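Below, each chain spelled out in residue letters.
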Amino acid sequence: MSEEQIKNLEEQFEARIARDEKIEPKDWMPEKYRQTHIRQMSQHAHSEIVGMLPEGNWITRAPSLRRKVALLAKVQDEAGHGLYLYSATETLGISRDEMYEQLHTGKAKYSSIFNYPTVTWADMGAIGWLVDGAAIINQVPLCNTSYGPYARAMIRVCKEESFHQRQGYEIMIKLANGTPEQKEMAQDALNRWWWPSLMMLGPTDAESIHTEQSMKWKLKRKSNDDLRQQFIDQTVPQADLIGLTIPDPDLKWNEERGSYDFGEIDWDEFWQVVKGHGPMNKERMKARVGAWEEGEWVRDAAMAHAEKKQNRKEKEAV
Amino acid sequence: MSTKNWPLWEIFIRSKNGLEHRHSGSLHAADAEMALENARDVYTRRNEGVSIWVVESKNITASNPENNGEMFEPAQDKVYRHPTFYDLPDEVKHM
Ligand SMILES: [Fe+2]
Ligand SMILES: [Fe+2]
């Protein structure tokens with residue numbers, strides 16, 4: 001194809017998206033669109049998968065059967081989210097194995113929030129409430145994104161997320177209304193998860209790259225700072241309601257803006273964790289790679305069994 | 001390293017009797033039986049289905065959007081295939 005032709009195709013392509021048409025796997029697309037989507041969608045999938053680890057940590061120690069079935073179902077949903085997203089990404093021409101390889105070698109990133117440890121039961125509450133809460137804010141706009149398979153996967157994901165947040169908040173309510181020790185545990189979890197949750201909504205607009213392109217392709221509809229403000233404004237009253245205190249001395253309602261003003265975010269910490277120096281980066285990768293390697297014989301055995309069955313069927317047919 | 005990867009399967013789910021099976025997504029499984037079991041866990045955790053079809057992805061032949069012109073345009077000018085093409089007096093009822 002000549003440069004002229006490609007430019008022509010690109011213009012038509014952008015016009016289709018601007019008209020709110022969806023792009024489907026076999027449609028022509030600019031290479032940059034394909035690569036950007038592979039990167040974002042696979043990282044999203046990786047985050048769902050690695051995100052199971054901090055919560056999986058507490059399944060066997062859940063304080064009641066009610067809590068246990070709920071947490072188990074939530075973690076299972078996250079596995080499902082990872083699987084929807086991996087298969088949606090595969091429609092762009094990358095194999096599942098390549099994506100795993102990128103995750104396991106550290107070439108692909110996943111959400112930094114999962115590099116923090118879950119040290120008490122209250123962390124299950126804080127994660128559902130805050131981490132899933134921030135994830136929902138990030139994900140809802142993606143239900144309308146331009147790439148069909150991604151949008152469809154996100155609709156499914158968003159439907160399932162709201163129970164995650166509610167079960168987390170319910171844990172916090174219970175603890176906040178419990179013994180002084182339980183309330184303290186809830187407060188401590190909020191203290192530790194608040195700032196990392198704000199960071200989950202991404203670097204400030206001034207530092208965030210390729211936003212304009214992402215807006216055009218509907219990978220993004222609002223800026224990181226707008227999403228963060230939305231998260232803070234919706235979460236602060238929820239903390240107030242259960243008598244917990246947001247760990248930010250600068251947090252203050254701003255009548256004029258109709259929003260909360262908030263304190264400075266420690267972006268050095270954020271970048272440190274992104275670069276692999278968070279408290280749990282090594283641990284998470286070790287668990288993930290370990291699960292993959294230790295599962296190899298199972299995958300091979302299943303394949304061998306399937307082939308044997310197939311051969312037997314063919315023989316019987318003769 | 002594994003010698004062979006699990007193939008990819010396309011999953012179709014009927015949400016309730018009376019409705020058609022609809023494409024839900026895809027997944028990897030060693031064989032059709034495992035694809036059905038995995039599809040149950042991945043795509044019907046909240047009673048989304050009463051029936052599942054699995055088809056190995058490589059067995060699907062898809063039309064190419066680049067040929068959409070010759071494929072679908074011929075239907076565009078066949079307005080006489082639609083009821084509104086026909087002129088009837090207003091007095092005619094139930095037609
Ligand atoms: Fe999720
Ligand atoms: Fe979730």
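Residues numbered from 1 in each chain as written. Chains lettered and ligands numbered in written order. Predicted model: local features only at pLDDT ≥ 70, side-chain atom pairs only at ≥ 80, totals over all residues. Heavy atoms only, no water.

Some thoughts on the overall build of chain B
Alright, step 1. What chain B contains, in helices and strands, is 2 helices and 3 strands.
Alright, step 2. From first element to last, N terminus to C terminus, chain B shows the α and β order β-β-α-β-α.
Alright, step 3. Put simply, of all contacts in chain B between residues at least 6 apart along the chain, 44% involve residues at least 24 apart.
Alright, step 4. Carbon and sulfur atoms make up 52% of the accessible area of chain B, which amounts to about 7,300 Å² in all.
Alright, step 5. Across chain B, the centroid of the 11 positively charged side chains sits 7 Å from that of the 15 negatively charged ones. (Helix = DSSP H or I, 4+ residues; strand = E, 2+ residues; numbered from the N terminus. Contact = heavy atoms within 4.5 Å. Areas by Shrake-Rupley, 256 points an atom, 1.4 Å probe, with all protein chains shown as cover. Lys, Arg positive; Asp, Glu negative; His and termini not counted. Charge placed at Lys NZ, Arg CZ, Asp CG, Glu CD.)

Side note on the coordination of the iron ion (ligand 1)
All names here are of chain A.
Alright, step 1. In this structure, E48 (OE), E78 (OE), H81 (ND1) and E161 (OE) serve as the protein donors to the iron ion (ligand 1), at separations of 2.1 to 2.4 Å.
Alright, step 2. Viewed at the metal, the 4 donor atoms of the iron ion (ligand 1) are separated by angles of 82 to 155°, and the geometry they form is irregular.
Alright, step 3. Linear spacing of the donor residues for the iron ion (ligand 1) on their chain is E-x29-E-x2-H-x79-E.
Alright, step 4. Here the iron ion (ligand 1) and the iron ion (ligand 2) are spaced 3.4 Å apart, and both take E78 as a donor. Placement of H81 in helix α4 (residues 65–90) and of E161 in helix α7 (residues 148–176) is noted, with a sequence separation of 80 residues between them. Of the two residues, H81 and E161, neither departs from the other in class, the shared state being buried. (Donors = N, O, S within 2.8 Å, 3.2 Å for Na, K, Ca; no water. Tetrahedral: all angles 85-135°; square planar, octahedral: opposite > 155°, others 65-115°. Buried < 20%, exposed > 50% of the residue type's maximum accessible area, 1.4 Å probe, protein only.)

Here's the deal with the sheet that holds strand β1 (residues 8–14) of chain B
Residues and elements named next belong to chain B.
Alright, step 1. Strand order in the open sheet formed by 3 strands is β2-β1-β3, and the pairing between neighbours is antiparallel. Edge positions in the sheet fall to β2 (21–28) and β3 (51–56), since each has one partner strand and no second. Averaged over all neighbouring strand pairs, the angle between strand axes comes to 25°, with direction disregarded.
Alright, step 2. Two strands pair when backbone bridges link them, and β1 and β3 are joined in this way by 6 bridges, in the antiparallel orientation. Within β3, the position partnered with F12 by the bridge is W53. (Pairing = 2+ DSSP bridges. Axes fitted to C-alpha atoms, helices over the stretch in contact; angles between N-to-C directions.)

A word on the interface of chain B and chain A
Often, the extent of an interface is quoted as the loss of accessible area on bringing the components together.
Alright, step 1. Contacts between chain B and chain A engage 24 residues on the former and 22 residues on the latter.
Alright, step 2. Each partner contributes to the roughly 2,000 Å² buried at the junction of chain B and chain A, and carbon and sulfur atoms together form 47% of this total.
Alright, step 3. For the interface between chain B and chain A, the tally reads 6 salt bridges.
Alright, step 4. Counting every contact that joins chain B to chain A gives 11 residue pairs in polar contact (both at pLDDT 80 or more).
Alright, step 5. Elements supplying a minimum of two residues to the side of chain B that touches chain A: β2 and α1 (32–43) of chain B.
Alright, step 6. A per-element tally of the side of chain B that touches chain A places α1 of chain B first, with 4 residues. (Buried area = accessible area lost by both parts, 1.4 Å probe. Salt bridge = Lys/Arg side-chain N within 4 Å of Asp/Glu carboxyl O. Polar contact = N/O pair within 3.5 Å; in protein donor to acceptor, adjacent residues only side chain to side chain.)

Thoughts on helix α12 (residues 281–294) of chain A
Alright, step 1. Given a rise of 1.5 Å per residue, 14 residues ought to cover 20 Å, and the 20 Å separating the end C-alpha atoms of α12 of chain A matches this to within 8%.
Alright, step 2. Along α12 of chain A, the residues classified as buried are N281, R284, M285, R288 and G290 of chain A. (Expected span 1.5 Å × (residues − 1).)

So, the confidence of the model for chain B
In regions of low pLDDT, the predicted coordinates are not meant to be interpreted in detail.
Alright, step 1. Chain-level pLDDT for chain B is 94 on average; 97% of the residues reach the 70-or-more range.
Alright, step 2. Among the scores for the predicted complex, ipTM is 0.90 and pTM is 0.94. (pLDDT = per-residue confidence, 0-100.)

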